[in-house]
Amino acid sequence: MKKNILFVCLSAFYIFVLSSCKHDSTPPVIDESAIKDTVYFYDEVLPIIQSNCAISDCHTNGEEDPDLSNYSNILKLVKPGDPQNSSLYKYAIGSEMPPAPKTPLNLEQVTSIYGWIKQGALANIEPCNSSDSSFNNAVFPIIKRNCLGCHNTGSTNGALTNFDEISAKANTILSRITTQSGSIMPPSPANPLSDCKKTQITNWINKGKHND
Ligand code: HEC
């Protein structure tokens, strides 16, 4: 009798452990309708990769790890039109990239990578309107794409996840993206923000940092 109870307990334990492992490896469900009409490589995909993966000691030496700092190398990890069979997408939904303590890519970022590959993995650049300086259209997307990899919730570098955190740090942000003081953000090997994006952030601050 005692043996039976032990057996039942062990079985329950194994089923629990196995099912929880299975749960962890479930791939995210991509909502195709959430993919933007055009996902831009230089403005959206490259910053996600650079701020999460291509940090100085992991993907830039070109020796063991793939160098994820430019288009032609990233294209080697991609089958244009076929995200499911692209190793870049498999990294993005896998559990080991980016390595801890970084947070895994969120569904929005995974959807961007998926959509970009599906749309043919082009080296495209988003048109930027320097006279648009609204927080929600211009500033927040820049921060989300280029900064959150290292400035997410709980980051010791200072979190920049919402309007309050960003507006409280606005002047420091401006001096770091224009290198008036301190080292440049985002740090090398990530590309600096374009002049148009710097202008959008500068104008948002000069116009009074509204949540518009
Ligand atoms: C690859 C990681 C990484 C990315 C991407 C990155 N940062 Fe940073 N950031 C850091 C680190 C590490 C520090 C702390 C060391 C330092 O101050 O240089 C920092 C510090 C800062 C600080 C100073 C914080 C303070 O409280 O004084 C600001 C402001 C900042 N970053 C803004 C940005 C902005 C804006 C972006 C995007 C355009 C960005 N960072 C992208 C790693 C990153």
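Details of the structure are given in the entry above.
Residues numbered from 1 in each chain as written. Predicted model: local features only at pLDDT ≥ 70, side-chain atom pairs only at ≥ 80, totals over all residues.

J.: Where do I start with the overall build of the protein chain in this structure?
T.: Looking only at helices and strands, the protein chain has nine helices and zero strands in total. Looking at the protein chain as a whole, 28% of its 212 residues qualify as buried. Residue pairs at least 24 apart in sequence account for 66% of intrachain contacts in the protein chain once pairs closer than 6 positions are excluded. (Helix = DSSP H or I, 4+ residues; strand = E, 2+ residues; numbered from the N terminus. Buried ≥ 20, exposed ≤ 12 C-beta atoms within 10 Å, placed from the backbone. Contact = placed C-beta atoms within 7 Å.)

J.: Just checking my understanding: could you explain the environment of Y91 for this structure?
T.: Mapped onto the fold, Y91 is located in helix 4 (residues 87–93). C-beta crowding within 10 Å serves as the criterion here: with 19 such atoms nearby, Y91 is assigned to the partly exposed category.

J.: What exactly am I supposed to notice about the site of the ligand here?
T.: For the ligand, the set of nearby residues contains 21 residues, the closest of which are S51, C147, C150, M185 and P186. It is helix 8 (residues 170–177) that provides the largest number of residues to the shell around the ligand, a total of four residues. Each residue belonging to the shell around the ligand can be placed in one class, and the counts come to ten nonpolar, nine polar and two charged. (Near = placed C-beta within 6 Å. Nonpolar A, V, L, I, M, F, W, Y, C, P; charged D, E, K, R; others polar.)

J.: Just to check I follow, could you spell out unusual backbone geometry for this structure?
T.: One can expect most non-glycine residues to show negative phi and most peptide bonds to be in trans. Note that the residue after M185, namely P186, is joined by a cis bond; omega there is -10 degrees. Residue position: P186 is located in the loop between helix 8 and helix 9 (195–206). If you check the backbone angles, A121 has positive phi at about 55 degrees while not being a glycine. Assignment of secondary structure puts A121 in the loop between helix 5 (107–118) and helix 6 (135–146). You can call A121 buried: it has 24 C-beta atoms within 10 Å.

J.: Looking at this structure, I do not really get helix 2 (residues 41–52). What am I missing?
T.: Since one α-helical turn is 3.6 residues long, residues separated by three or four positions face the same way. Among the twelve residues that make up helix 2, ten are buried, leaving the element largely enclosed by the rest of the structure. Residues F41, E44, V45, L46, P47, I48, I49, Q50, S51 and N52 constitute the buried set of helix 2. Among the structural elements, helix 3 (71–75), helix 5 and helix 6 are those in contact with the buried residues of helix 2.

J.: Is there a simple way to think about the nonpolar core in this case?
T.: It is characteristic of soluble globular proteins that their nonpolar side chains tend to be buried jointly. With 19 residues, the main nonpolar core has V45, L88, Y89, A92, I113, W116 and I117 as its most contacted residues. Secondary-structure elements contributing two or more residues to this core are helix 2, helix 4 and helix 5. Looking at this core, the element that brings in the most residues is helix 2, giving five residues. When residues no more than four places from it in sequence are discounted, the contact partners of W116 are V39, F41, V45 and A121. One finds V139, M185, I201 and W204 within the second-largest nonpolar core, a separate group that totals nine residues. (Core = buried A, V, L, I, M, F, W, Y, C linked by C-beta atoms within 7 Å.)

J.: Just checking my understanding: could you explain helix 5 for this structure?
T.: Between its terminal C-alpha atoms helix 5 stretches 16 Å, which fits the 16 Å expected from twelve residues at 1.5 Å a residue. Where helix 5 is buried, its residues contact helix 2 and helix 4. One or two residues past the end of helix 5 sits G120, with phi positive at roughly 110 degrees. (Expected span 1.5 Å × (residues − 1).)

It is worth stressing that arrangement in space is one thing and function is another; only the former is reported here.
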